[in-house]
Amino acid sequence: MLLPSFTYHRPGGLAEALAMLDGFGGQAKLLAGGTDLLVNMKHGKQAPAQLIDLDGLAELKASGSRGDALELGAGLKAAAIAGGLGGAAPQALAQGAGALGSPQVRNRASLGGNLVTARPAADMCVPLLALGARVALVSPAGERQVDLPEFFLGPGLTALHPSEVLTRVLLAKPRPGEGSGYGKLGLRKALEIPLVNVAAWLALEADGKTIKEARVALGAAAPTPMLSPGAAKALAGATAGDDAFAAAAFAAAADARPIDDHRGSAEYRRDMVAALTKRCLGQALAQARGN
Amino acid sequence: MSAAYDVIGSRVPRKDAAPKATGQAVFIEDLRFKGELAGALLQSPHAHALIKSIDVSKAKALPGVVEVITAADVPRVKYGVSPARYDEDLFAVNKVRYVGDEIAAVAAEDLETALKAAALIKVEYEPLPRLLSVEEATAEGAPWIHDEFPNNVCAEVHQEFGDVATAFKECDLIQEGRFVSKRQDAAFIEPNQCVAIYGQDGMLTLHSSTQVPHYVQRTVSMVTGLPMSKVRVVKPYVGGGFGPKAAATPIDLAASFLALRSGRPVRMAYTREQVFSFGRARHGFTHEMKIGVKKDGSLMALEHRATLDGGAYSSFGIATVYYAGSLLGGPYKLPNMKYDGRRIYTNKPACGAQRGHGGVIARALFEQQLDIIAERLGMDPVELRLQNMMETGDVTCNDLAMSSLGMRQCIEAVAQGSGWKQKKGALPKGKGIGIACGFFVSGAGYPIYRSETYHCTVTIKADEDGGGVKVFTAAAEIGQGSDTTMAIIAAEALGIPYDMVRIESGDTDFGIDLGAYSSRTTLMTGHATKEAAENLKEVILGELAGELGIDRRRLDIKRGLVKIAGEAVDIAPLRVRYQKEHRGWLSQPEGGQLTFNEASRLACLRRGTLVATGKYKPPVLGGKFKGAAVGTSPAYGCSAQVAEVSVDMETGQITVERVTDAHDCGQAINLTSVEAQMQGSVAMGLGEALFEEVKFDEAGRVMNPSLGEYHIPTIMDMPAVDCIVVESGEPNGPFGAKEVGEGAIMPTIPAILNAVRDAVGLTIDETPLTPERIYMALKKAK
Ligand SMILES: Cc1cc2nc3c(=O)[nH]c(=O)nc-3n(C[C@H](O)[C@H](O)[C@H](O)COP(=O)(O)OP(=O)(O)OC[C@H]3O[C@@H](n4cnc5c(N)ncnc54)[C@H](O)[C@@H]3O)c2cc1C
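Per-chain numbering applies: the sequence of each chain, read as written, is numbered from 1 onward. Chains and ligands are labelled sequentially in the order written, the chains with letters from A and the ligands with numbers from 1. The predicted origin of the model limits local features to residues at a pLDDT of at least 70 and limits the giving and counting of side-chain atom pairs to 80 or more, whereas totals for whole chains, interfaces and linings rest on all residues. The side-chain figures draw on all heavy atoms in the structure; neither hydrogens nor water molecules are used.

Hey, could you run me through helix 9 (residues 317-326) of chain B in this one?
It helps to recall that an α-helix has 3.6 residues per turn; residues three or four apart then point in one direction. Residues and elements named next belong to chain B. Remark: exposure states derive from per-residue accessible area (1.4 Å probe, protein chains only) relative to the maximum for the residue type, with buried under 20%, exposed over 50%, and partly exposed in between. A run of H or I in DSSP becomes a helix once it reaches four residues, and a run of E becomes a strand once it reaches two; helices and strands are each numbered from the N terminus. Of all 10 residues in helix 9, 9 are buried, a share of seventy percent or more. Within the sequence span of helix 9, burial applies to G317, I318, T320, V321, Y322, Y323, A324, G325 and S326. Where the residues of helix 9 are buried, they touch strand 7 (153-161), strand 13 (284-293), strand 14 (299-311), strand 15 (336-345), helix 10 (360-377) and strand 16 (431-441). What makes two residues a contact is simply this: any of their non-hydrogen atoms within 4.5 Å.

Shown next, in the form of structure tokens:
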């Protein structure tokens, strides 16, 4: 239970960090808040010889918009995102960040760390999936952008190459007529890994009634955070409201592939996917209608 | 504040408030000694296995390793909590009985090396069938975990008071129920840790995070063979105990042996995972009850069976299985009671004592059944309880004497405070209100080992300059506030302000004190402190009377001033003497009355150092039947709570919105501390009711050995708690005080159970009340 020994590096900029990562050739791990990595190291699950601390890199802390896109630095802390980033953060993401851990954990936990750890029910991964986010992955060779459904490969497994740094998360800037919502179910009200979590996003037609497009993302329902194609299909073109949401909830539960474990049964999780889907869609609709 | 007292019943700040708030309080982790070695344990990865061989050669050869010890290196002395069941060896002899059973210990120059060395010890095992449940352990042909205990029965209790069978025949209504609870962890914030030091003078000093320095001293002495006078146990500040720290741990003993052998200080600490795998917290209970009542609601008879999943060793378990029965004797008049309890050995960490020892789940089922009875009789649950409750002077069928019992005040206070009348029966689906009561001992009537010893002794010494006093007690401040309590009692008894009292505690050099368990310290150590303070006052006033040439009975001390009854006495000569000694001091005593400082200084000048002592042990208590000792106490605290909950009918999630809590503590010594115990009890009971369960995999390993996965409530889960302090004035307590430490938890689980039942219309017979359990019950009922 002791932290294994390692050499600590604090690069002055992204380029230096990338060079270091490249130089250590697989011996190094990137360190952000350390709330996953250091815990895993203490438990002996990982023992990197070199740690490269990204926490000081201003390049990873920025957030802002570029055209229709919203860009969030991977180094942003959950606490800042939960605070709304001056109104820029989509509702479901701010809710997810606010539901992560405790105030102490949120002060350390980063957006990038949450995505790269890629837990099936991570509190920021599920909302970002519903929000249709992409990630920017940078290596000495340049940058590539990957949609989240292609980024999550399995529990703790992502499309990130060992030589890459996740620098930014890119999403569409929230527009009027759109809304999102997040729901998390656990035993207690804080410091809780979700038993099930759901995020929903929807965009209304100009009539304010018809759903133009929607996404429902599910956590703890599969080895990775997943989108429910059935829910998206049930919602597209439907009139927003209880009937459509019930159909979407039913479809989401059918898409979910939860397991039985000591935290909960598959049956309960499936039913909760439905219950939370309805609630999240309700929140998303309320936001889309501006109330 | 009670008019009669100057300090008692006030809200003076705790003695440890500033050091803890500023981080200056010293815990074991903060103590460092020259030349410390780090110790580590080798623990069994198997739940049940024979040990074929142990090879320590590689561990010994590792550079930096100083000592490696196994069962072969220490005396074969069985120990445990109760002498009737000393069933533990420090290191496994031929056999391991749970995942975590201790096999060897290492001391090395640093912890990394010690851990590495422990991992280098080679043990050959022959696995045995694992018995991970009561069912497996009691199945036909199951192997015996201990050869001495056939069929894995650790302890059995069979008691009958009155005549249950006949009573049932006279009953109009019989209610039967069953309840299952899960093993708990006490989740104290500071994992166990200790440092053992063996001095050239032949003294072994053990600094340990414990609730019971005295019992640790005894056990270390017995197991090492050192005389008790050569073993000193010192407890600095402790980050909580709640029961599991009420006995010597394997690290206390292993560090002692390693220090004895190496001659160097040895530190050993449990990680959080090891805290879980050591266990010793609340058992998993299964209770079955049959309760008979008359049409008018009078309770007539209880037939009760309990099974405790004990784990691999006895720990406190014998007391637990007795308490599980005896604590249903009150707080209701119950003329006939039959109890059959058994505690079964299984291949899991031993269970032991935890806040509300043995009684919590029995109470939960009983109170739940009362609500069902009330419903079946068409009575209000509050009325049913008021009708049956005991009053001061009542004696239970198992001979527990209620020398004070503010049960009625508690019930009426929570009914009124919660708005029971308006709410009960009037809440919408998904909202519920529930009431429950409870009572608990105010200190065990007997020590854990048979002895005529005083349960506590206290010494108070006056400062030579007269400026205050210092209390020395071996009592264990573990966060519950006993230092503050004793300082208040000493101040009140001496008639001086609270801040003139300093206190040193938790050191076996200061006398005997059985420690912080069974909610005993306020009543017992409180008596001893009061007596010591009164004796010191007697000495001081005796000297003063001599000096003034007046009758001692004319003198008293109040609020730091000497009161002289009758005609005026010239105090000027004494004051001048005192002032002469303090030339140059800016502040001098003034006013027409002598101060405590002057009187105490004068007494010191006449007699030298002033020391007085006090002591306490309870009078002979209880009945003559087998097991009568468990449950007897000089006094009983009681309480009632009303819980208000809302249940999310779509997810099964329960929110406890409000708890109205009344507790009869006899007399509050410090009101804030009483309320803190009440709040803490609600938190602990709420966690147990809703979230907490230590889970095991099929190999017998704890699956959730962290505070991330073992869910105690966070502040976000806590309801508003309205604390109502009831003071019935306990004749057997110091200044009328009795317990609040454990009794306060008794009603929490059943109040929540009854509120949930009210909210969803279903009787849930298993804790924790997870969202899934509630949701599935609702789904099934549909
Ligand atoms: C007590 C506690 C409670 C928690 N509760 C929750 C919870 O409720 N919900 C939840 O979702 N999570 C929770 N977590 C997990 C954790 O806090 C989050 O996953 C957090 O977002 C991880 O971020 P970090 O900055 O600490 O990552 P780190 O631990 O620093 O890194 C995690 C992984 O990501 C990699 N990494 C980090 N940044 C980058 C980058 N920019 N580019 C490439 N790789 C990178 C690291 O190399 C490492 O492999 C909890 C953790 C703890 C200790």
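Once you've had a look at it, read on.
Is there a simple way to think about the interface of chain B and chain A in this case?
Accessible area lost upon the coming together of the parts serves often as the stated size of an interface. Each partner contributes to the interface: chain B provides 29 residues, whereas chain A provides 21 residues. Per-residue buried area on chain B facing chain A is highest for E709, H711 and E772 of chain B; these three make up 20% of the total on that side. We count a salt bridge whenever a side-chain nitrogen from Lys or Arg sits within 4 Å of a carboxyl oxygen from Asp or Glu. At the boundary of chain B and chain A, one finds 5 salt bridges. A salt bridge links K779 of chain B to E267 of chain A; its shortest N-O distance comes to 2.8 Å. As used in this structure description, the phrase polar contact means that two N or O atoms lie within 3.5 Å; if the pair is within protein, one of them must be able to donate a hydrogen and the other to accept it, and residues adjacent in sequence are counted only when both atoms belong to side chains. Across the contact surface, chain B and chain A share 16 residue pairs in polar contact (both at pLDDT 80 or more). Counting only elements with at least two residues in the side of chain B that touches chain A, the list comes to helix 3 (111-120), strand 24 (654-664) and helix 20 (771-781) of chain B. The dominant element in the side of chain B that touches chain A, judged by the number of residues it contributes, is helix 20 of chain B, at 5 residues. Note on terms: buried area is the combined drop in 1.4 Å-probe accessible area of two parts once they are placed together, counting the loss on both.

What is the right way to read the sheet that holds strand 19 (residues 501-505) of chain B from this model?
Strands in a sheet are paired, the pairing made by backbone hydrogen bonds, and the direction either parallel or antiparallel. All names here are of chain B. Within the open sheet, the 4 strands sit side by side as 19-18-17-22. Their pairing is mixed. Pairing within the sheet leaves two strands with one partner each, and these edge strands are strand 19 and strand 22 (611-616). Pairwise comparison of adjacent strand axes, ignoring direction, gives a mean angle of 20 degrees for this sheet. Here the rule is simple: two strands pair whenever DSSP picks up at least two bridges between them. Sheet topology places strand 17 (residues 456-462) next to strand 22; 6 bridges connect them, and they run antiparallel. Residue pairing for strand 22: K461 is matched across the bridge by V611. To get an axis, a line is fitted to the C-alpha atoms, and for a helix only the part in contact is used. The angle between two axes follows their N-to-C directions and goes from 0 to 180 degrees.

Could you clarify how one ought to interpret the site of the ligand in this entry?
All names here are of chain A. For this description, a residue counts as near a given molecule or strand if any of its non-hydrogen atoms is within 4 Å of it. In the neighbourhood of the ligand, 32 residues make up the surrounding shell, with L30, T35, D36, S110 and D123 lying closest. Between an oxygen atom of the ligand and a main-chain N or O atom of G33, the distance comes to 2.7 Å. In these tables, accessible area is a Shrake-Rupley quantity obtained with a 1.4 Å probe, and a residue counts as shielded only by the protein chains included in the view. Alone, the ligand offers 980 Å² of accessible surface; in the complex the protein occludes 90% of this. Broken down by secondary-structure element, the contributors of at least two residues to the shell around the ligand are strand 2 (28-31), helix 5 (103-108), helix 6 (111-117) and strand 10 (165-172). Looking at the shell around the ligand element by element, the count peaks at 5 residues for helix 6. For this classification, the nonpolar set comprises Ala, Val, Leu, Ile, Met, Phe, Trp, Tyr, Cys and Pro, the charged set comprises Asp, Glu, Lys and Arg, and every other residue, Gly included, is treated as polar. A per-class count over the shell around the ligand returns 16 nonpolar, 9 polar and 7 charged. The residue makeup of the shell around the ligand includes at least three contributed by each of domain 1 (7-53) and domain 2 (58-172). For the purposes of this description, domain bounds are those given by an automatic or database domain assignment.

What is the right way to look at the pattern of salt bridges in this model?
A side chain with one charge can pair with a side chain of the opposite charge if their charged atoms come near. Residues and elements named next belong to chain B. Following the criterion strictly, the structure yields 71 salt bridges over all chains and no others. Here R14 ties to E477 by a salt bridge, and the two come within 3.7 Å at their closest N and O atoms. Placement of R14 in the segment before helix 1 (17-22) and of E477 in the loop between strand 18 (469-473) and helix 14 (482-494) is noted, with a sequence separation of 463 residues between them. With a closest N to O distance of 2.9 Å, R32 and E29 form a salt bridge. A relative accessible area of 44% places E29 in the partly exposed class. Via salt bridges that share partners, E543, E547, R577, R606 and R607 belong to a single interconnected network.

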